[in-house]
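Structural overview for review
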Amino acid sequence: MWRRAAWRQRYLLILALPAVVWLLVFHYVPILGLQIAFKDFRFRTGIWGSQWSGLKHFLQLFRDITIVNAVRNTFAISLMKLVLLFPIPIAFALLINEIRFHRFKRVIQTVSYFPHFIAYSVVALMISILLAKNGIVNDLLLRLGLIREPYLFLGEKNAFWWIMVVTDGWKSTGWNSIIYIAALTAVPLELYEAATIDGANRYQKILRITLPYIKPTVVMLLIINMGNIVRGASFDMSYLLGNPLNMSHSEILPTYVMRTGIGLGRFSYATAVGIVQSIVSMILVVSANALSRYFSDEGLF
Amino acid sequence: MKTRFFTSLVCLLVLLLALSGCTPGVTTQQPTTTGTTSGTTTQGTTAAPTTTETKPVEPVVLELFYDSPELYNGWKWGEDPVTQHITAVSGVSLNIRYAASRNHEELYTMLASGSDFPDLLYTSSFVPALYEEQYAMSLNKLADEYNPAFYDVLPYQYQEIHALEDGDIYYLNNDYSDTKKMADIPGGSRIVGVFVKNNIKWEAMGKPPLDTLEQVREVALQAKNDGAKYPVFLTSYAFSPIHDLNSLQIAKSSFAGPQFVYMQDNGVVTFNIKSDAYKKGAAYVNSLYQDGLIQADNFTFTSGNDDSVRQIAQAGDPMIVIGHEWQLRMYRQGMEREGAFMPFEPPLGEGIKRSDIVINDFNMSNIGTTGGMFVMSSTENPKACIDFLTTLLQDDIQIMKAHGREDVDFIVDYTHDKEHGRRVVTDALKADLTNMQNPEFMRKWGYYNGILRSMIMLRWTISYYNRPYHEAYPEISDDILTTFGSIYGKPFKTLNLTVKFTDSEEQLLYNNVTKEWKVGEAEMILAPNDGAFEDAYTRTIANMTKVGLTDLEKLLTERYLYWSAIIDE
């Protein structure tokens, strides 16, 4: 029976085939390589020929005090992004949705996506120029009388997390709002008409109709973003903007792995860090999903 | 039907593209096949006599993987007189492939993939996998089989120092100090990291004294009052606290600090950050910052981007530089005449006499402990590889790589040093040095090519006849030069060797400790007041201790005792 169904949908299956093969080859097959976290990986002998070392690299990881800073910074930046940035694309989508002039709406939407396509390395360069002591931001703040002398943004460790959050917000708001805008288009217009007849104002319509309707989408994305907490901080920004002055706040887990793992050829150790990251992400996703189901009956799985 | 057929075709194409893999993201440069020239290879009066013989050689192109990004965009092997001469005598041209970053991921990917190996590999990093897993060949075995003349040019004690457990050497380090030859160098060895003044401004000020640190401060303040934005410039070595050219390592010398980053007392090795002189030197540099003479943006330099330092160097109109003035010259190339920035004698700290000062002799005490040039096991031209390395080790080639050709790039001037003479760059080269940009300059002169120098540059040749900017000392008499010579310390190879690691865990411990030092140094220099400086200093040592400073010093002490028994210092 399934053969008949498969034959009927053969073109759809062929269409899906490249993605499935790509997923298998680049995401599932490499899982076999995770075993090097439990081995002393040697290039010559490869993944299968290297000697088993048990939990040696995991014990090294948990004994390494220099990782504490990296973990703190990763969680701090990711949580700040989650709390501060997660609602912004939703609000942006709601605002876009309220625009009646369609041409203007399209222009705003398109322009809002542009930052997403700028490479992080270019963004880091822009930030270093804008935030320099003789940069435009300091110039503006001085002229407005908000500061008396130029502020060394990139040298101030307490400012680094905010720089990461604001930059990411600017870069990702437009792109992340796409899915909410798509969800909003699915809201039946009759509901808004009925609400208008009942005397609801715009704010009440958003609160009572729009938001409940996109709630499943919001919950789904929130659960997915919980999983990104451990890897959510941007490697490129941290690597390119990190300097001796802000290093205590700029080193995150990916840059830590680069410095202590890959940069020294300690591939087994780097893999062990990656596995721990993935386990933590999975725990966060499953927990968030369970909590969501418990409180709201919505969940990813 | 047609639509479905084309849809299926498109999907199959996408599938094929997805599985086709990516080509390596490295830049590859083919050598230029220009005619060879015969550069002058005459020796100085006291140079060791190894010379290359010009004989018919089979031309061969070897592939070199250079484990660092391309420094000089557009330069290729064979485009300049020096590489043309090396090709003429050895028959070897290099096809150089550069890494895209300094993180070694391409090197490790290459090792892991087991394919696409070059004939030669240069890396300055500690990569034990290269020899532990037989990716690199034993140079002893190559020499025994193909070219025993290799042993005639191998530097003094190189075999003892760099041989591995099996007794063979696997790499030629690019930072080696051959003390037998250093003893013969005319004019003595030269300091590299010093205080440097803007000579043009200094003359305009009426040549105020710069004998003490306080006088240096006054001159910098005067320059600031005259309109200089950032009168005191710290070169990018400010970010390498263990480097001889680091600003605080230089400043500590003015307080008669220990010569070297690692100090030993009765066989116990510690880091010189714990010395009183280092702290006083750091406090002095911090006081310059508190006076508004140092720009904090100096420290937003990152490992891959020195634009902030370059901007400060170009916009800042420096009066005083604490560091290596070649870097300032590189940043400000073409902005002023040659000789505008010149080093001066180390200014004295309070209560210090000149005879107390010991300057770190960069050229003699540096030994280079990790990495170098390897011959890969997969090479199909092992003879050509060992012949090429032997050629590079010849004295005349070493001099040419460092200084160029005698009578073309430099002449020997006996005005100040009547016995040995002193190398002086020719007027034609000097003019181009000021006005030409790299790599155009490098193509014409083959001079000061950083890539070429990193291919096994023995330190004695850098000191040989002195470096060009040191020859521009018209106002310094021979008496003072004698004084200069007397304040040099002896080479400290043994201490340098203590950081010759045997595994990546030791390297990691070292990296963790020096990382805390790097962070702490920035906090010390940029402390807003004396109390904050004290806190920063104490905190730096505490943080270094937390990540393993004590264990590291214990390890270095064990190594010191080991090497002391072997090294002839």
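Residues numbered from 1 in each chain as written. Chains lettered and ligands numbered in written order. Predicted model: local features only at pLDDT ≥ 70, side-chain atom pairs only at ≥ 80, totals over all residues. Heavy atoms only, no water.

1. Considerations on the overall build of chain A
Note the cut-off: Secondary structure elements are taken from DSSP: a helix is a run of H or I of four residues or more, a strand is a run of E of two residues or more, and numbering for both begins at the N terminus. Throughout this description, buried means an accessible area under 20% of the type-specific maximum (1.4 Å probe, protein chains only), exposed means over 50%, and partly exposed covers the range between. By definition in these notes, contact holds between two residues if any of their heavy atoms fall within 4.5 Å. Shrake-Rupley sampling with a 1.4 Å probe provides the accessible areas, and residues are treated as covered by the protein chains on show and by no other component.
Within chain A, the secondary structure is distributed over 16 helices and 2 strands. Projected onto its principal axes, the C-alpha positions of chain A cover 75 × 75 × 35 Å. Buried residues in chain A amount to 42% of all 301 residues. Taking all contacts inside chain A whose residues are at least 6 apart in sequence as the whole, residues at least 24 apart take part in 67%. Surface accessibility of chain A: about 17400 Å² in total, with carbon and sulfur atoms responsible for 69%.

2. Overview of helix α10 (residues 213-225) of chain B
All names here are of chain B. We apply this condition: What a helix should span is 1.5 Å times the count of its residues minus one. The arc refers to the directions leading from the helix axis to the C-beta atoms.
Counted at 1.5 Å a residue, the expected span for α10 with its 13 residues is 18 Å, and the 18 Å between its end C-alpha atoms agrees. Burial in α10 covers these residues: L213, V216, R217, V219, A220 and A223. Looking straight down α10, one finds that the buried residues subtend no more than 165° of arc, so they occupy a single side. Away from the buried face of α10 by more than 90 degrees, exposed residues E218 and N225 are located. Contacts from the buried residues of α10 go to β6 (194-198), β7 (232-234), α12 (276-290), β10 (320-323) and β11 (341-344).

3. Some details on the sheet that holds β6(B)
Residues and elements named next belong to chain B. Let me state the cut-off plainly: In this analysis, strands are considered paired if DSSP registers two or more bridges between them. In this description, a line fitted to the C-alpha atoms serves as the axis of each element, helices being fitted only across the stretch in contact, and the angle between N-to-C directions of two axes falls anywhere from 0 to 180 degrees.
Here we have 4 strands laid out as an open sheet, ordered β7-β10-β6-β11, and mixed in their pairing. Single-partner strands in this sheet number two, and they are β7 and β11. Across the sheet, the mean angle separating the axes of adjacent strands is 30° when strand polarity is ignored. Of the pairings in the sheet, the one linking β7 to β10 comprises 3 bridges and is parallel in character. Directly across from L234, in β10, lies its bridge partner I322.

4. So, a nonpolar patch on the surface
The condition that has to hold: Patches were defined on residues exceeding 30% relative accessible area and lacking a salt bridge, with like-charge contacts within 9 Å and nonpolar side-chain contacts (Val, Leu, Ile, Met, Phe, Trp, Tyr) within 5 Å. A pair is scored as a salt bridge if a Lys or Arg side-chain nitrogen falls within 4 Å of a carboxyl oxygen belonging to Asp or Glu.
Where nonpolar side chains cluster on the molecular surface, the patch consists of V20(A), W22(A), L23(A), L24(A), V25(A), F26(A), Y28(A), I31(A) and L34(A) and spans about 800 Å² of accessible area. You can call V20(A) partly exposed: its relative accessible area is 43%.

5. A short note on the packing of aromatic side chains
Where we set the bar: For Phe, Tyr and Trp, rings pair up if their centres lie within 6.5 Å, where Trp contributes its six-membered ring, and each pair is then called stacked (planes under 30 degrees apart), edge-to-face (over 60) or tilted (otherwise). Two conditions define a charge located above a ring, namely a distance within 6 Å from the ring centre to NZ of Lys or CZ of Arg, and an angle within 35 degrees of the ring normal.
According to the stated counting rule, one finds 29 aromatic pairs over all chains in the structure shown. With 5.2 Å between their ring centres and 70° between their planes, Y262(B) and F271(B) make a pair best called edge-to-face. Assigned by exposure class, Y262(B) and F271(B) land together as buried. Through successive ring pairs, a cluster of aromatic residues spans F41(A), F43(A), F267(A) and Y108(B). Geometry around W52(A) places K39(A) over its ring, the cationic atom sitting 4.5 Å from the centre. The cationic tip of R266(A) hangs over the ring face of Y269(A); the distance from NZ or CZ to the ring centre is 4.2 Å.

6. Describing the side chain of N198(B)
Residue and element names in this part refer to chain B. The test is simple: Two N or O atoms count as a polar contact when they lie within 3.5 Å, although within protein this holds only if one can serve as hydrogen donor and the other as acceptor, and sequence-adjacent residues are included solely when both atoms are side-chain atoms.
Take N198: it is sitting in strand β6. Judged by its relative accessible area of 5%, N198 falls in the buried class. Engagement of the side chain of N198 in a polar contact is seen with the backbone nitrogen of I200, the distance being 3.1 Å. Those residues in contact with N198, other than ones at most four positions away along the chain, are D317, P318, M319, A340 and F341.

7. Thoughts on the interface of chain A and chain B
A common way to state how big an interface is: give the accessible area lost once the parts meet. Using the following cut-off: Note on terms: buried area is the combined drop in 1.4 Å-probe accessible area of two parts once they are placed together, counting the loss on both. Residues are grouped as follows: Ala, Val, Leu, Ile, Met, Phe, Trp, Tyr, Cys and Pro are nonpolar; Asp, Glu, Lys and Arg are charged; all remaining types, including Gly, are polar.
Between chain A and chain B, the contact holds 39 residues from the first and 45 residues from the second. Taken together, the two surfaces of chain A and chain B that pack against each other cover about 3700 Å², and 64% of this comes from carbon and sulfur. It is F43(A), R44(A) and P244(A) in chain A that bury the most area against chain B; as a group they hold 18% of the surface buried on that side. Joining chain A to chain B, the criterion identifies 3 salt bridges. E505(B) serves as the salt-bridge partner of R266(A), at 3.3 Å between the closest nitrogen and oxygen. In this structure, the connection of chain A to chain B is made through 9 residue pairs in polar contact (both at pLDDT 80 or more). At the level of elements, α2 (10-28), α13 (235-241) and α15 (253-260) of chain A are the ones that each hand at least two residues to the side of chain A that touches chain B. When residues in the side of chain A that touches chain B are grouped by element, the largest group, 8 residues, is from α2(A). Of the residues belonging to the side of chain A that touches chain B, the class tally is 24 nonpolar, 8 polar and 7 charged.

8. Topic: a negative patch on the surface
Residues and elements named next belong to chain B. Short version of the rule: Only four residue types enter the charge count, namely Lys and Arg as positive and Asp and Glu as negative; His and the chain termini do not. A charged residue contributes its charge at one atom only: NZ of Lys, CZ of Arg, CG of Asp or CD of Glu.
On the surface, a cluster of negative charge is made up of E132, E165, D166 and D503. Inspection of the secondary structure puts D503 in the loop between α24 (493-497) and α25 (504-525). According to the relative accessible area criterion, D503 is partly exposed, its value standing at 30%.

9. Remarks on the pairing of strand β3 (residues 92-98) of chain B
Residues and elements named next belong to chain B. Burial runs high along β3: 7 of the 7 residues are buried. Residues V92, L94, I96 and Y98 point to one face of β3 and S93, N95 and R97 to the other, with burial holding for every one of them. Direction of pairing for strand β2 (residues 60-66) relative to β3: parallel, over a ladder of 7 bridges. When the bridges of β3 are listed, V60 appears paired with V92.

10. A closer look at the confidence of the model for chain B
All names here are of chain B. Test applied: Known as pLDDT, the predictor's confidence for each residue is given on a scale from 0 to 100.
In this model, chain B carries a mean pLDDT of 79, and residues with pLDDT of at least 70 account for 75%. Taking the mean pLDDT of every element in chain B, the minimum, 39, falls on strand β1 (residues 27-29) and the maximum, 97, on helix α5 (residues 139-146). Taken together, the stretch residues 22-49 has pLDDT below 50 and engages in 75 contacts with residues farther than four places along the chain or on a different chain. When the criterion is pLDDT under 50, residues 186-191 qualifies, and its contacts beyond four places in sequence or with other chains add up to 29 contacts. With pTM at 0.82, the complex prediction returns an ipTM value of 0.82.

11. Looking at the pattern of salt bridges
Residue and element names in this part refer to chain B. Taken as a whole, this structure holds 25 salt bridges over all chains when the rule is applied. Residue K280 pairs with D276 through a salt bridge whose shortest N-O separation is 3.3 Å. Note that K280 and D276 are positioned in helix α12 at a spacing of 4 residues, about one turn of the helix.

12. Comments concerning the packing of helix α4 (residues 56-63) of chain A against helix α16 (residues 267-296) of chain A
Residues and elements named next belong to chain A. The line we're drawing: Angles below 35 degrees are treated as roughly parallel, those above 145 as roughly antiparallel, those between 65 and 115 as roughly perpendicular, and all remaining angles as oblique.
In contact at an axis separation of 9 Å, α4 and α16 are set at 75° when each is read in the N-to-C sense. Taken together, the axes of α4 and α16 are roughly perpendicular relative to one another. Between α4 and α16, the contacting residues are H57, F58, Q60, L61 and F62 on the first element and S268, Y269, A272, V273, I275 and V276 on the second. Broken down by class, the residue content of the contact of α4 with α16 amounts to 8 nonpolar, 3 polar and no charged.

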